[in-house]
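Read off the chains here:
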Amino acid sequence: MGQGVSKIGDKIIFIPKTLPGEEGLCEVLQSKKGVEFAKLSSIELPSPDRVRAECPHFEDCPSCHYLHTSYANELLHKKNAIQKELRPITIQGEIEVIPADTRFDYRNRIQLHYDLNEEKIGYIDVKNKRINEVPHCLLPQKIIQEKVKSLYQNKFKGFPQKRETGHIEIYVNSKTNRVETAFNKAYAHAGFTQVNFEMNEKALSLIHSYVAPKINKTSLVIDLFGGKGNLSRAFSTSNTYVVDKYHPKYIPKNDIQKFINLDIFKKKSHKNLAKQVGGECDVLLIDPPRSGFKNIKLFTDVLKPKVIVYMSCKTSTMVRDLLSIDNEYHFHKAHLLDFFPATYHYESLIFANFK
Ligand SMILES: C[S@@+](CC[C@H](N)C(=O)[O-])C[C@H]1O[C@@H](n2cnc3c(N)ncnc32)[C@H](O)[C@@H]1O
């Protein structure tokens, strides 16, 4: 996804940052079981959809995938991608694409890797583990961009000298609206938070408009993989349970939602949860990590939700999970929420109801 494909004989070559119909030269970087991974060297016949990337790091940076074309075209490619991925399940109606208002300046946190020996700070390329320097990265919010620039200007000032390699998280503290940094911590910003505030608001309002008419003050809502309760915070029912595998210090204080600390992937966790919430529920919100929610059916069998809202950053695992409950549920609306403009990532959101 998000990359060009070429063919020489039977061999398939993936070439990122190219567009359909383009001709040019590439350098093969890696071969694996009849598939090659290459890097574009030069373009001889550019697509009419090609534009000059606004970011000076685009060619070498592993983080962005679409800056060689317009945002409108990026969204078209993303829509094609989600359409293909959703094919195995039957969904009523068109897929609704919800774009971001801005293609840049949106991330409220980023993670940079550093290597004191190599004197480098930047994004890590997972393919070759190399650090790509990105002093002018446009994805984070402007106040983070300023902090990144100052990190490069004062290279390694204040970095822990005991550890030669590590990572630094740069994030906006949502309470103070100030930029903070943390070295070598898993969740520096106190538990999981969505990286794009503006798109998160759009997702919340969409979910709210769907769920609110279906619940009342006593409806039972379960927010699975709920983190700090983001997706269900605005519901009016006093019977909302947020379920997550927390580190205890991340459990928020909150009078409306009840928090349950549970490993959802653990054997019998469905029975454990059903006991704690008292049985069948009205609405089940699901927002798992990229690996998805393989044991979804165990939960829907005991909780019998009338409505399911499934949000996912990896459509293929979501489709796998929904296929396991498609005898019992109608999937009647799918959305692509563009939480991650300029990259090939997005959030998929599907509403379902009991047949
Ligand atoms: C994509 S985040 C969603 C968080 C939340 N819905 C939000 O909007 O902020 C996935 C969440 O799944 C949680 N998680 C990961 N593995 C888990 C497990 N085995 N059991 C319970 N929660 C888990 C993580 O702690 C994280 O909060």
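Up top is the structure these notes are about.
This report concerns the structure included in the present document. Treat the numbers as computed from the prediction; the structure is a model and nothing was measured.

What counts and what doesn't
Note that residues are indexed from 1 along each chain, following the sequence as it is written. In keeping with the predicted nature of the model, local features appear solely for residues at pLDDT of at least 70, side-chain atom pairs appear and are counted solely at 80 or more, and the whole-chain, interface and lining totals rest on all residues. The side-chain values count all of the structure's non-hydrogen atoms but skip hydrogen atoms and water molecules. Helix and strand assignments follow DSSP, with helices taken as H or I runs no shorter than four residues and strands as E runs no shorter than two, numbered in order from the N terminus. The reference for a compact globule is 2.2 Å times residues^0.38; the radius of gyration itself is calculated from the C-alpha atoms. Here's how the labels work: a residue is buried when its accessible area is under 20% of the maximum for its type, exposed when over 50%, partly exposed in between, all with a 1.4 Å probe on protein chains only. Contact between two residues is taken to exist if any of their heavy atoms lie within 4.5 Å; hydrogens are not considered. All accessibility values rest on the Shrake-Rupley procedure with a 1.4 Å probe; residue burial counts only the protein chains present in the view. A residue counts as positive if it is Lys or Arg and as negative if it is Asp or Glu; His and the chain ends are not included. Lysine's charge is taken at NZ, arginine's at CZ, aspartate's at CG and glutamate's at CD. Cavities and pockets are found on a 1 Å grid laid over the protein atoms alone: a cavity is a set of points where a 1.4 Å probe fits but cannot escape, a pocket is an open set with protein on both sides within 12 Å along at least five of seven lines, and a lining residue has an atom within 4 Å of such a point. Grid points are joined across faces, edges and corners, and a volume is the space filled by probe spheres set on the points. The residue classification treats Ala, Val, Leu, Ile, Met, Phe, Trp, Tyr, Cys and Pro as nonpolar and Asp, Glu, Lys and Arg as charged. All others, Gly included, are polar. What fixes the domain bounds is an automatic or database domain assignment. Between N-to-C directions, angles cover 0 to 180 degrees, with each direction set by a line fitted to C-alpha atoms, over the stretch in contact for helices. Oblique is the label for any angle not covered by the other classes, which are roughly parallel (under 35 degrees), roughly antiparallel (over 145) and roughly perpendicular (65 to 115). In this scheme, a crossing is called left-handed if the near helix is turned counterclockwise away from the far one by less than a right angle; it is called right-handed if the turn is clockwise. If DSSP finds at least two bridges between two strands, the strands pair. Residue proximity to a molecule or strand is established when one non-hydrogen atom of the residue lies within 4 Å of it. Here a polar contact is taken to be a pair of N or O atoms separated by no more than 3.5 Å, where protein atoms must pair a possible hydrogen donor with a possible acceptor and residues adjacent in sequence count only if both atoms sit in side chains. We count a salt bridge whenever a side-chain nitrogen from Lys or Arg sits within 4 Å of a carboxyl oxygen from Asp or Glu.

A tally of helices and strands in the chain yields six helices and 17 strands. On C-alpha atoms alone, the chain measures out to a radius of gyration of 22 Å, which is about the 20 Å that the 2.2 N^0.38 rule sets for 355 residues. Of all 355 residues assigned to the chain, the portion counted as buried reaches 47%. Across the chain, contacts joining residues at least 24 apart in sequence account for 59% of those joining residues at least 6 apart. For the chain, the accessible area works out to roughly 18,600 Å², and carbon and sulfur atoms hold 52% of it. Within the chain, one finds 52 positive and 40 negative side-chain charges whose respective centroids are separated by 7 Å.

A separate point is the layout of surface pockets. One number sums up the size of the second largest pocket: a volume of about 630 Å³. Put simply, the parts of the chain that give the lining of the second largest pocket at least two residues each are strand S1 (3-8), strand S2 (11-16), strand S3 (23-32) and helix H1 (71-86). Of the residues assigned to the lining of the second largest pocket, the class counts are 13 nonpolar, 10 polar and three charged. Two domains share the lining of the second largest pocket, each providing at least three of its residues, namely domain 1 (3-50) and domain 2 (76-102 + 196-354).

A few words on the packing of helix H4 (residues 269-277) against helix H5 (residues 296-303). Any two packed helices are characterised by the angle at which their axes cross and by the distance between the axes. Packing of H4 against H5 brings their axes to within 9 Å, and their N-to-C directions diverge by 30 degrees. As judged from the angle between their axes, H4 and H5 are roughly parallel. For the pair H4 and H5, the crossing hand works out as right-handed. Of the residues in H5, those touching H4 at Ser-269, His-270, Leu-273, Ala-274 and Val-277 are Leu-298, Phe-299, Val-302 and Leu-303. When the residues that make up the contact of H4 with H5 are grouped by side-chain class, the tally is seven nonpolar, two polar and no charged.

Spatial ordering of the open sheet is given by S5-S16-S17-S15-S14-S11-S12-S13, a layout of eight strands whose pairing is mixed. The open sheet has two free edges, formed respectively by strand S5 (96-98) and strand S13 (257-261), since each of these has just one partner strand. Each neighbouring strand pair of the sheet contributes to a mean axis angle of 20 degrees, computed without reference to strand direction. Two elements, S5 and strand S16 (residues 329-337), share three bridges in a ladder whose sense is parallel.

So, about empty space enclosed by the protein. Inspection of the entire model under this criterion finds two cavities of 30 Å³ or more. Each pocket or cavity is described by its volume, and for the largest cavity that value is around 70 Å³. Forming the boundary of the largest cavity are 13 residues, of which Cys-55, Cys-64, Cys-137, Leu-138 and Leu-139 lie nearest the centre. Across the lining of the largest cavity, the residue classes break down as 11 nonpolar, two polar and no charged. The space that makes up the second largest cavity amounts to roughly 40 Å³.

Take Asn-108: it is sitting in the loop between S5 and strand S6 (109-115). Here Asn-108 falls in the buried class, since its relative accessible area comes to 4%.

Around the ligand, the structure places 16 residues, and the nearest of them are Gln-194, Asn-230, Asp-244, Asp-263 and Asp-287. The contact in question runs from an oxygen atom of the ligand to an N or O atom on the side chain of Asn-230, over 2.9 Å. Separating a nitrogen atom of the ligand from a backbone N or O atom of Ile-264 is a distance of 2.9 Å. Relative to its unbound accessible area of 590 Å², the ligand is 89% covered by the protein chains. Grouping the constituent residues of the shell around the ligand by class yields eight nonpolar, four polar and four charged.

Counted according to the given criterion, the structure contains 17 salt bridges. Residues Lys-78 and Glu-74 are paired through a salt bridge, measuring 2.8 Å at the closest nitrogen-oxygen approach. Of this pair, Lys-78 and Glu-74 both sit in helix H1, four residues apart, which is roughly one turn of the helix. One salt bridge in this structure joins Lys-142 and Asp-105, with 3.1 Å as the shortest N-O distance. Remark: Asp-105 occurs in the loop between S5 and S6 and Lys-142 occurs in helix H2 (residues 142-153); sequence separation between them is 37 residues. Judged by relative accessible area, which is 51%, Lys-142 ranks as exposed. We classify Asp-105 as partly exposed; its relative accessible area is 27%.

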